[in-house]
Amino acid sequence: MYARMEDDVAKKIPPGSTELSLYINKELKLRFKLACTAEEKPMSEVVTALIEQWLTQKETNSPGETNKQDRGSSDE
């Protein structure tokens, strides 16, 4: 029985992909899931695009430069 479940799970992961597990607020997850459903986009596709966007922003900042958003409220 367990081997069958593992086969089913493995088939759902696209080639070249891996699983990412994280914890977020339940309400935030529900809002995200509803928004993705409304757009007819898989949550993984949206998360991947957001991570790529964030990394591009980080990689284009010059060394030592900190994004104002990353510093939080320490600008006071």
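Thresholds, definitions, all that
Residues numbered from 1 in each chain as written. Predicted model: local features only at pLDDT ≥ 70, side-chain atom pairs only at ≥ 80, totals over all residues. Heavy atoms only, no water. Helix = DSSP H or I, 4+ residues; strand = E, 2+ residues; numbered from the N terminus. Buried < 20%, exposed > 50% of the residue type's maximum accessible area, 1.4 Å probe, protein only. Areas by Shrake-Rupley, 256 points an atom, 1.4 Å probe, with all protein chains shown as cover. Axes fitted to C-alpha atoms, helices over the stretch in contact; angles between N-to-C directions. Parallel < 35°, antiparallel > 145°, perpendicular 65-115°, else oblique. Contact = heavy atoms within 4.5 Å. Nonpolar A, V, L, I, M, F, W, Y, C, P; charged D, E, K, R; others polar. pLDDT = per-residue confidence, 0-100.

J.: Report on the overall build of the protein, specifying residues and quantitative values.
T.: Helices and strands together make up the secondary structure of the protein, namely three helices and zero strands. Across the protein, helices and strands are ordered from the amino to the carboxyl terminus as α-α-α. Expressed as a percentage of the 76 residues in the protein, the buried residues total 3%. Total accessible area computed for the protein in this model is approximately 7500 Å², and 56% of it derives from carbon and sulfur atoms.

J.: Requested: an account of the packing of helix H2 (residues 26–39) against helix H3 (residues 43–60), with residues and values cited.
T.: Contact geometry of H2 with H3 gives a least axis separation of 9 Å together with a crossing angle of 105 degrees. Taken together, the axes of H2 and H3 lie roughly perpendicular to each other. Taking contact as the criterion, the partners of Phe32, Lys33 and Cys36 in H2 are, on H3, Met43, Val46 and Val47. For the contact of H2 with H3, the class distribution of residues is five nonpolar, no polar and one charged.

J.: Requested: an account of the confidence of the model for the protein, with residues and values cited.
T.: Mean pLDDT over the protein stands at 82; residues scoring 70 or higher make up 66%. Put simply, helix H1 (residues 2–12) is where the protein has its lowest mean pLDDT, 57, and H2 is where it has its highest, 98.

J.: Could you give an account of the environment of lysine 41, naming the residues involved and the relevant values?
T.: Tracing the chain through its elements places lysine 41 in the loop between H2 and H3. Other than its neighbours up to four places away in sequence, lysine 41 contacts Cys36 and Val46.

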